[in-house]
Amino acid sequence: GPGLSTLPLEIAARKGFFHDENLDVLTITMRTNIAVNALLTRNVDYATPSTSSIKAASAGLPVKLIAVLLGRPDYFLTVKKEIRSVKDLKGKRIAIGSFGAAADLALRAVAKQDGLDPDRDIIRLQMGGAAARYASLIAGSVDATILTLPYNLQADKAGFNDLLWFGERMELPLSGLATRDETIQKNPKQVIGVVRAVFRAMAFGVANREETIQLMMNWLKLDRDVAARSYELGKRSWSDGGVVSDTAVQTLIDQSLSEQKSKDSIPLDKVRNWSFAEQARRELAIGKTGP
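Keep in mind the model is a prediction, meaning the values are calculated, not measured. (Residues numbered from 1 in each chain as written. Predicted model: local features only at pLDDT ≥ 70, side-chain atom pairs only at ≥ 80, totals over all residues. Heavy atoms only, no water.)

Some points on the pattern of salt bridges
Then step 1. Tallying each qualifying case throughout the model produces 22 salt bridges.
Then step 2. A salt bridge links R169 to D114; the nearest nitrogen and oxygen atoms lie 2.9 Å apart. Taken together, the residues R169 in the loop between β7 (161-165) and β8 (175-180) and D114 in the loop between α5 (102-113) and β5 (123-126) connect sequence positions 55 residues apart.
Then step 3. Overall, the relative accessible area of 30% leaves R169 in the partly exposed class.
Then step 4. Judged by its relative accessible area of 18%, D114 is buried.
Then step 5. With a shortest N-O distance of 3.7 Å, E232 and K235 are connected by a salt bridge.
Then step 6. The structure contains a network of salt bridges with shared partners spanning R209, E210, R224, E232 and K235. (Salt bridge = Lys/Arg side-chain N within 4 Å of Asp/Glu carboxyl O. Helix = DSSP H or I, 4+ residues; strand = E, 2+ residues; numbered from the N terminus. Buried < 20%, exposed > 50% of the residue type's maximum accessible area, 1.4 Å probe, protein only.)

See below:
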């Protein structure tokens, strides 16, 4: 749904950056799996779920990730106050969206980093979206969960703590732009226009704090305090130059192959194409460290 992960698209629409590229853009909210299917069946031209797009490409489907909006997970490990460290999660119930989803991958990785076996030491419960996970935490059904802004801020007001921002630990492309191989081949001018508009929006968001916070208040129906805190926390997750490292992409390829029980080797160019991001950076003079 609407949030920090797709904020650059909203900025690009409201500030006329898409219009400057002669693009008439309609954004449609969909579940992750539906969005990728809609892309493959030509019902949409671009999709934002990066992890699912990489997994689809790893399975041989004709899509590519062409840019990254969120390069670090905007997830927060929100816990009961008595939990002071990741190791304290041993034996605890943790609400996740679904097994194998990006938040679950992040949780498993952090658990391993801190010496826990994610399959034996923690109890992962599938609870659905952030609203449902937040409700399960408030109700006491779980001891911890993974939340995004602004749910973690609401949990903080309710007496829970953010134990960890996952972006401190890892790169993980959660939100981006993926399109079909045929679009890249047949309409590269449109692709570069979309990427250029979104990169302008990301640079605008970083450079114009107050206007962006006001936009968030209007768009997401947030009060000023929550919008400001969400902006400061959320912008840390935006990608560095609109791409992520090969290591981050390889992690998702490996996860996809594991789910497929495949021992194949998949080249990075099979799942991502950074040429448009690189061209847009050159044209807009946006460096790898921002505007």
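Points about the nonpolar core
Then step 1. The biggest cluster of nonpolar side chains holds 91 residues, and the ones touching the most others in it are L89 and F166.
Then step 2. If you tally residues by element for this core, the top one is helix α9 (residues 188-207), at 10 residues.
Then step 3. Those residues in contact with L89 that sit more than four places away from it in its chain are L77, V79, I83, I94, L116, D121, I122 and A144.
Then step 4. Counting residues in hydrophobic clusters, the runner-up holds 7 residues, among them A95, Y134, V142 and F160. (Core = buried A, V, L, I, M, F, W, Y, C linked by side-chain atoms within 4.5 Å. Contact = heavy atoms within 4.5 Å.)

Comments concerning the packing of aromatic side chains
Then step 1. The full count for this structure, using the stated rule, is 3 aromatic pairs.
Then step 2. For the pair Y75 and F166, a centre-to-centre distance of 6.3 Å together with 85° between the ring planes defines the contact as edge-to-face. Here F166 lies in the loop between β7 and β8 and Y75 lies in the loop between β2 (63-70) and β3 (76-79), a separation of 91 residues in the sequence.
Then step 3. Judged by relative accessible area, which is 11%, Y75 ranks as buried.
Then step 4. Ring geometry for Y134 versus Y151: centroids 5.9 Å apart, planes at 45°, classification tilted. Taken together, the positions of Y134 in helix α6 (residues 130-138) and Y151 in helix α7 (residues 151-157) put the pair 17 residues apart, joining distant regions of the chain.
Then step 5. Assessed through its relative accessible area of 27%, Y151 is described here as partly exposed.
Then step 6. Over the ring of W165 we find R236; its NZ or CZ atom is 4.0 Å from the centre of that ring. (Phe/Tyr/Trp six-rings, centres within 6.5 Å; stacked < 30°, edge-to-face > 60°. Lys NZ or Arg CZ within 6 Å of the ring centre and 35° of its normal.)

As for the sheet that holds β3
Then step 1. The strand order β5-β4-β6-β3-β7 describes an open sheet built from 5 strands, whose pairing is mixed. Taken across any chain shown, the strands that pair with only one partner, and hence form the sheet edges, are β5 and β7. Strand after strand, the sheet turns through a mean of 30° between neighbouring axes, direction not considered.
Then step 2. Taken strand by strand, α6 contacts β3, β4 (93-96) and β6 (144-147), and its axis lies near 155° from that of β6. (Pairing = 2+ DSSP bridges. Axes fitted to C-alpha atoms, helices over the stretch in contact; angles between N-to-C directions.)

Notes on helix α10 (residues 209-220)
Then step 1. With 12 residues, α10 should cover 16 Å at 1.5 Å per step; its first-to-last C-alpha distance of 16 Å lies within 8% of that length.
Then step 2. Taken as a whole, α10 has its buried residues at T212, I213, L215, M216, M217, W219 and L220.
Then step 3. Lining the buried residues of α10 we find α1 (7-14), α9 and α11 (224-234).
Then step 4. Among the residues trailing α10, K221 stands out with phi positive, at a value near 60°. (Expected span 1.5 Å × (residues − 1).)

Notes on the pairing of β3
Consecutive side chains of a regular strand alternate in pointing toward one face of the sheet and then the other.
Then step 1. A two-sided burial pattern is seen for β3, the buried positions comprising F76 and T78 on one face and L77 and V79 on the other.
Then step 2. Here 4 bridges tie β3 to β6, and the two strands are oriented antiparallel to one another. The residue bridging V79 from the neighbouring strand is A144, located in β6.
Then step 3. Two elements, β3 and β7, share 4 bridges in a ladder whose sense is antiparallel. Pairing of L77 across the sheet is with L164, part of β7.

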